[in-house]
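Letter by letter, the chains look like this.
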Amino acid sequence: DTAVSQTPKYLVTQMGNDKSIKCEQNLGHDTMYWYKQDSKKFLKIMFSYNNKELIINETVPNRFSPKSPDKAHLNLHINSLELGDSAVYFCASSQESRKLENGYTFGSGTRLTVV
Amino acid sequence: SQKIEQNSEALNIQEGKTATLTCNYTNYSPAYLQWYRQDPGRGPVFLLLIRENEKEKRKERLKVTFDTTLKQSLFHITASQPADSATYLCAHSTTGGGNKLTFGTGTQLKVEL
């Protein structure tokens with residue numbers, strides 16, 4: 001059973017398009033995250049949700065809008081895609097009360113290529 | 001703002017030796033440091049966490065140390081194997097309650113036969 005699953009795994013799209021990435025976790029965690037990993041492999045946090053409430057928004061352009069319909073799901077919608085949005089996007093989850101023992105659990109990533 | 005630096009982009013060692021990776025941080029002392037392993041095409045996998053009041057933590061062949069005076073954490077893999085080849089990421093967080101995990105740039109370890 002996959003703990004944190006993201007779809008799609010690969011996404012190739014043209015500039016200006018709108019696209020969504022979905023994430024689901026079956027660990028019963030209460031906190032979910034979106035991270036962006038650029039071409040230099042640097043992982044940077046974008047958003048964090050705790051029990052469906054946005055708690056971290058790291059100066060991400062308004063074109064990026066996360067949505068958490070319930071605490072097991074965190075989707076990322078991106079409007080008007082730009083070349084610079086090309087990266088690997090990782091979803092992660094943690095249990096706030098237990099993350100110190102178990103860390104974060106990451107999905108396998110969505111490689112977004114904007115052409 | 002806090003900055004995490006892993007001062008080796010790449011590290012090559014021979015099988016059986018101990019690999020030592022360095023993580024340095026600036027400014028305030030993070031409450032916790034975590035270490036992750038990332039393989040190509042995959043997400044990071046949690047390995048170990050060490051708190052600021054702990055000097056050392058071990059798990060099988062892995063050992064992490066934390067020196068708040070030097071603002072540094074060392075990550076050791078003893079009796080290294082080719083299967084240990086991966087990128088290792090250091091990350092810090094402050095206190096609990098919705099805090100964010102900030103990652104270092106990573107060190108790519110290659111264990112050669």
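These figures come from a predicted structure and were not determined experimentally.

Rules used in this analysis
Residues numbered from 1 in each chain as written. Chains lettered and ligands numbered in written order. Predicted model: local features only at pLDDT ≥ 70, side-chain atom pairs only at ≥ 80, totals over all residues. Heavy atoms only, no water. Helix = DSSP H or I, 4+ residues; strand = E, 2+ residues; numbered from the N terminus. Rg over C-alpha atoms; globule rule 2.2 N^0.38 Å. Buried < 20%, exposed > 50% of the residue type's maximum accessible area, 1.4 Å probe, protein only. Contact = heavy atoms within 4.5 Å. Areas by Shrake-Rupley, 256 points an atom, 1.4 Å probe, with all protein chains shown as cover. Lys, Arg positive; Asp, Glu negative; His and termini not counted. Charge placed at Lys NZ, Arg CZ, Asp CG, Glu CD. Disulfide = S-S within 2.5 Å. Pairing = 2+ DSSP bridges. Axes fitted to C-alpha atoms, helices over the stretch in contact; angles between N-to-C directions. pLDDT = per-residue confidence, 0-100. Salt bridge = Lys/Arg side-chain N within 4 Å of Asp/Glu carboxyl O. Polar contact = N/O pair within 3.5 Å; in protein donor to acceptor, adjacent residues only side chain to side chain.

### Quick notes on the overall build of chain A
Along its length, chain A carries one helix and 11 strands. Starting at the N terminus, the α and β elements of chain A follow one another as β-β-β-β-β-β-β-β-β-α-β-β. Its C-alpha radius of gyration of 13 Å places chain A within 12% of the 13 Å reference for a compact globule of 115 residues. Counting only C-alpha atoms and orienting by the principal axes, one finds that chain A spans roughly 40 × 25 × 25 Å. Classification of the 115 residues of chain A by burial places 44% in the buried group. Contacts spanning at least 24 positions in sequence make up 55% of the contacts within chain A whose residues lie at least 6 apart. Counting every atom, chain A has about 5700 Å² of accessible surface; 48% of that belongs to carbon and sulfur. On chain A, the mean spot of the 14 positive side-chain charges and the mean spot of the 12 negative ones are 5 Å from each other.

### Regarding the state of the cysteines
Residues and elements named next belong to chain A. Enumeration according to the criterion identifies two disulfides over all chains in this entry. The residue that forms a disulfide with Cys23 is Cys91, at a sulfur-sulfur distance of 1.9 Å. Sign of the S-S torsion, about -80 degrees for the bond between Cys23 and Cys91, identifies this disulfide as left-handed. In this pair, Cys23 sits in strand β3 (residues 19-25) while Cys91 sits in strand β9 (residues 87-94), placing the two residues 68 residues apart along the sequence. For Cys23, a relative accessible area of 1% corresponds to the buried category. For Cys91, a relative accessible area of 0% corresponds to the buried category.

### With respect to the pairing of strand β3 (residues 19-25) of chain B
All names here are of chain B. Extensive coverage of β3 is indicated by the burial of six of its seven residues. Strand direction decides the pairing type here: strand β1 (residues 4-5) and β3, joined by two bridges, are antiparallel. Counterpart to Ile4 in the pairing with β3 is Tyr25. Sheet analysis places β3 next to strand β8 (residues 72-77), joined by six bridges and oriented antiparallel. The residue of β8 that forms the bridge with Leu21 is Phe75.

### Things to note about the sheet that holds β3(A)
Residues and elements named next belong to chain A. One open sheet accounts for four strands, arranged β1-β3-β8-β7; its pairing is antiparallel. Edge positions in the sheet fall to β1 (4-7) and β7 (64-70), since each of these pairs with one other strand and no more. Taking the axes of each pair of neighbouring strands and ignoring which way they run, one obtains an average angle of 20 degrees across the sheet.

### Side note on the confidence of the model for chain B
For chain B, per-residue confidence averages 89 on the pLDDT scale, and residues scoring 70 or more make up 89% of the total. Ranking the elements of chain B by mean pLDDT puts β1(B) last, at 86, and strand β11 (residues 107-112) of chain B first, at 96.

### Structural notes on the interface of chain A and chain B
Of the residues lining the interface, 21 residues belong to chain A; the matching set on chain B comes to 21 residues. Scanning the region where chain A abuts chain B turns up zero salt bridges. At the boundary of chain A with chain B, the tally comes to three residue pairs in polar contact (both at pLDDT 80 or more). Looking at the side of chain A that touches chain B, the elements with two or more residues in it are β4 (31-37), β5 (43-50), β6 (53-57) and α1 (99-102) of chain A.

### Section: the pattern of salt bridges
Residues and elements named next belong to chain A. One pass over the structure, following the stated rule, counts seven salt bridges over all chains. For Arg63, the salt bridge goes to Asp85, with nearest N and O atoms at 2.8 Å. Of this pair, Arg63 sits in the loop between β6 and β7 while Asp85 sits in the loop between β8 (73-78) and β9, and the two are 22 residues apart along the sequence. Just as Arg63 is buried, Asp85 falls in that class too. Each member of the salt-bridge network shares a partner with another, and the members are Arg63, Glu82 and Asp85.

### A few points about the sheet that holds strand β7 (residues 62-67) of chain B
As summarised here, the arrangement of the five strands in space is β1-β3-β8-β7-β6 (chain B), forming an open sheet in which the pairing is antiparallel. At either margin of the open sheet sits one strand with a lone partner, and together these are β1 and β6 (56-59) of chain B.

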